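In case you want the letters, here they are:
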Amino acid sequence: MDRQQVYLQETASRRPDLAEDLTTLGELYHKKLWHELSVKLEELINTPRLQEDGVLIALYQNFIASFAPHINLLKLAVFAVAASKQIKNPDEGVAFLQDVITGLENLKLAAAVQPILYLKMHVAQYDQAAGRWEEANKALEAGEKQLQGLQEVDPSVSAAVHYVAMSHHKAQQQYGDFYKAALLYLAHVRQETLPADTRLALAVDVSLAALLGKTVYSFGELLLHPIVEVLQNSAFAWLYELLVAFNNGDIHGYDSLCVTHAAKLNAQPALVQHERQLREKITILSLTEMVSSLPAEDRTLTLEAIGQRTKLPLDGVEFLLMKALSLHLLEGVIDQVAGTVQVSWVQPRVLTMDQVQRLKGRLDAWVGQVAGVQLSLQEAAVGLVPATVGA
């Protein structure tokens with residue numbers, strides 16, 4: 001009997017609650033069923049009874065490490081990360097992961113590339129938590145570059161890179177970049193795998209980033225994402241209402257929310273600090289929503305009508321249009337003499353279901369008009385006889 005089997009038996013006798021799982025691991029190891037062993041180890045990672053007394057780290061060091069090259073290397077990396085979290089000293093956790101990385105690098109296998117990247121990103125998370133931002137940023141820069149060159153990337157690896165990017169941008173208060181990184185992270189993780197408190201915290205962060213991001217002028221993608229659903233039945237329901245108001249360019253709704261939820265808004269320092277920027281953004285969105293609601297062939301608006309919609313004086317409307325044009329949210333020509341603007345293009349955006357329904361109504365109306373013209377032409381053609389050759 002080798003030392004791995006001895007370890008499993010001794011641990012099983014000490015922890016009867018783990019005996020069944022450990023016996024299964026021993027049988028799979030003895031039969032060299034490496035795939036089945038990988039699957040079983042993955043299953044055990046989140047088992048509550050293995051989260052105590054450093055069981056995972058001991059299992060890795062005394063059992064898994066001896067046959068690591070034979071099992072799925074990404075599952076090995078995932079297990080190693082889970083095990084590292086049972087090490088109380090963060091520096092020792094980093095050292096443990098670095099040893100695993102070195103072992104995988106020594107294998108010189110193509111299959112080890114993604115697992116190594118996954119592990120390096122978790123080392124970067126340790127560095128971020130310890131305030132070692134220079135090391136973390138170097139790892140992130142290299143990781144993002146490497147990720148772009150990989151094909152058929154496992155979602156867990158992509159998620160690890162985007163999570164580190166997300167944490168970096170949050171620390172730097174780079175709201176627009178955080179928003180993009182957060183959506184990329186969410187695209188590679190399953191919602192149900194995130195704890196409820198983590199989902200809520202992330203929903204709040206990504207929503208605030210959308211509002212504060214200087215380059216974010218479309219909220220449809222976020223409002224359609226399951227992550228914001230957790231806001232609606234929480235103390236942050238007001239934040240969801242705010243996102244809807246911005247998405248609709250609803251200045252009156254925004255002003256109403258600012259009054260109704262003044263205390264909650266004032267409790268968010270970032271929103272208070274950027275109050276002027278938020279006002280500018282909702283005003284621009286009101287303009288783009290106004291343009292989008294018009295038929296593509298008839299998008300000439302008076303500056304007066306824009307002023308009424310956006311609550312701005314004439315000179316404010318002109319500045320608003322120049323801002324929207326400079327942000328490339330609109331393209332068009334302003335006629336100051338006639339007091340109009342002719343819009344030739346408006347930036348495409350992701351539509352919510354309500355906006356899709358409104359668009360459907362416009363299309364139905366257009367189809368009805370086309371059908372009416374067709375009927376009129378048919379009625380006008382009745383009685384007309386084509387000329388006969390030789391008549």
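Here, every reference points to the structure presented above.
None of these values were measured; they are calculated from a predicted model.

Cut-off values and rules
- Residues numbered from 1 in each chain as written.
- Predicted model: local features only at pLDDT ≥ 70, side-chain atom pairs only at ≥ 80, totals over all residues.
- Heavy atoms only, no water.
- Phe/Tyr/Trp six-rings, centres within 6.5 Å; stacked < 30°, edge-to-face > 60°.
- Helix = DSSP H or I, 4+ residues; strand = E, 2+ residues; numbered from the N terminus.
- Buried < 20%, exposed > 50% of the residue type's maximum accessible area, 1.4 Å probe, protein only.
- Lys NZ or Arg CZ within 6 Å of the ring centre and 35° of its normal.
- Salt bridge = Lys/Arg side-chain N within 4 Å of Asp/Glu carboxyl O.
- Axes fitted to C-alpha atoms, helices over the stretch in contact; angles between N-to-C directions.
- Parallel < 35°, antiparallel > 145°, perpendicular 65-115°, else oblique.
- Contact = heavy atoms within 4.5 Å.
- Nonpolar A, V, L, I, M, F, W, Y, C, P; charged D, E, K, R; others polar.
- 1 Å grid on protein atoms, 1.4 Å probe; cavity = no way out; pocket = protein on both sides within 12 Å on 5 of 7 lines; lining within 4 Å.
- Points joined across faces, edges and corners; volume = space filled by probe spheres on them.
- Pairing = 2+ DSSP bridges.
- Expected span 1.5 Å × (residues − 1).
- Left-handed = near helix turned anticlockwise from the far one by under 90°.
- Arc of directions from axis to C-beta.

A. How the structure looks around the packing of aromatic side chains. Evaluation of the coordinates by the stated rule reveals ten aromatic pairs. A centroid spacing of 5.3 Å and a plane angle of 80° characterise the contact between Tyr60 and Phe96, whose relative ring orientation is edge-to-face. Of the two residues, Tyr60 sits in helix α4 (residues 55-62) while Phe96 sits in helix α6 (residues 90-107), which places them 36 residues apart along the sequence. Residue classification places Tyr60 among the buried residues on the basis of a relative accessible area of 7%. Each residue in the set Tyr29, Trp34, Phe63 and Phe67 is aromatic and connected to the rest through ring pairs, giving one cluster. Directly above the aromatic system of Tyr217 lies the positively charged group of Lys281, at a separation of 5.3 Å from the ring centroid.

B. Up close: the pattern of salt bridges. Under the counting rule described, the total for this entry stands at 13 salt bridges. Two residues, Arg15 and Asp17, come together in a salt bridge whose shortest N-O distance is 2.9 Å. Arg49 is the partner of Asp21 in a salt bridge, and the nearest nitrogen-oxygen pair spans 2.5 Å. In this pair, Asp21 sits in helix α2 (residues 19-30) while Arg49 sits in the loop between α3 (34-44) and α4, placing the two residues 28 residues apart along the sequence. Assessed through its relative accessible area of 8%, Asp21 is described here as buried. Several salt bridges share partner residues, and in doing so they unite Asp21, Lys40, Glu43 and Arg49 into one network.

C. Quick look at the packing of helix α1 (residues 3-14) against α4. One can describe the packing of α1 onto α4 by two numbers: an axis separation of 10 Å at closest approach and a directional angle of 160°. The angle between the axes of α1 and α4 places the two elements in the roughly antiparallel class. Facing Arg3, Gln4, Tyr7 and Leu8 of α1, the residues of α4 in contact are Val55, Ala58, Leu59 and Asn62. Across the contact of α1 with α4, the residue classes break down as five nonpolar, two polar and one charged.

D. Main features of the layout of surface pockets. Size it by volume and the largest pocket reaches roughly 1400 Å³. Lining the largest pocket are 36 residues, and of these Tyr118, Tyr185, Val189, Thr193 and Leu194 sit closest to its centre. Listing elements by their share of the lining of the largest pocket, those giving two or more residues are α5 (73-84), α7 (113-129), α9 (155-171), α10 (175-186) and α11 (196-212). Of all the elements, α9 adds the most residues to the lining of the largest pocket, at eight residues. Partitioning the lining of the largest pocket into residue classes produces 18 nonpolar, eleven polar and seven charged.

E. Main features of the sheet that holds strand β3 (residues 340-346). The three strands are arranged β1-β3-β2 in an open sheet whose pairing can be described as antiparallel. Whereas interior strands pair on both sides, the edge strands pair on one side only; in this sheet they are β1 (300-302) and β2 (330-335). Looking at each pair of strands side by side, their axes are set apart by 25° on average, direction ignored. Note that β2 and β3 share six bridges and pair antiparallel. In the strand pairing of β3, Asp335 is matched with Thr340. On top of the sheet, helix α19 (residues 303-310) reaches β1 and β3; it is set at about 70° to β1, its chief contact.

F. Main features of α11. When the terminal C-alpha atoms of α11 are compared, their 24 Å separation across 17 residues agrees well with the 24 Å that a helix rising 1.5 Å per residue should span. Where α11 is concerned, the buried positions are Leu202, Ala203, Val204, Val206, Ser207, Leu208, Ala209, Ala210, Leu211 and Leu212.

G. Structural view of empty space enclosed by the protein. In this structure the tally under the stated criterion is one cavity of 30 Å³ or more. When its volume is computed, the largest cavity comes out at roughly 90 Å³. For the largest cavity, the full set of lining residues is Tyr217, Leu285, Thr288, Ser292, Leu329, Val346, Gln347, Pro348 and Arg349. A total of three residues in the lining of the largest cavity trace back to one element, the largest contributor, which is helix α18 (residues 275-292). By residue class, the composition of the lining of the largest cavity is five nonpolar, three polar and one charged.

H. Main features of the packing of α1 against α2. Closest axis-to-axis distance for the α1/α2 pair is 9 Å, and the angle between their directions is 170°. In terms of axis orientation, α1 runs roughly antiparallel to α2. Here α1 and α2 pass one another in a crossing that is left-handed. Residues Gln4, Gln5, Leu8, Thr11 and Ala12 of α1 form the contact with α2, whose own contacting residues are Ala19, Leu22, Leu25, Gly26, Tyr29 and His30. Its residues placed into classes, the contact of α1 with α2 shows six nonpolar, five polar and no charged.

I. Spotlight on α2. In this model, α2 (twelve residues) spans 16 Å end to end at C-alpha, consistent with the 16 Å of a helix rising 1.5 Å per residue. Within α2 the residues assigned to the buried category are Asp21, Leu22, Leu25, Gly26, Leu28 and Tyr29. In an axial view of α2, the angular spread of the buried residues amounts to 165°, which keeps them on one side of the axis. Exposed residues pointing more than 90 degrees away from the buried face of α2 are listed as Glu20 and His30. Among the structural elements, α1, α3 and α4 are those in contact with the buried residues of α2. Positive phi appears at Lys32, one or two residues downstream of α2, with a value of about 60°.

J. A look at the pairing of β3. Note: β1 against β3, three bridges, orientation antiparallel. Bridged to Thr300 within β3 is Gln342.

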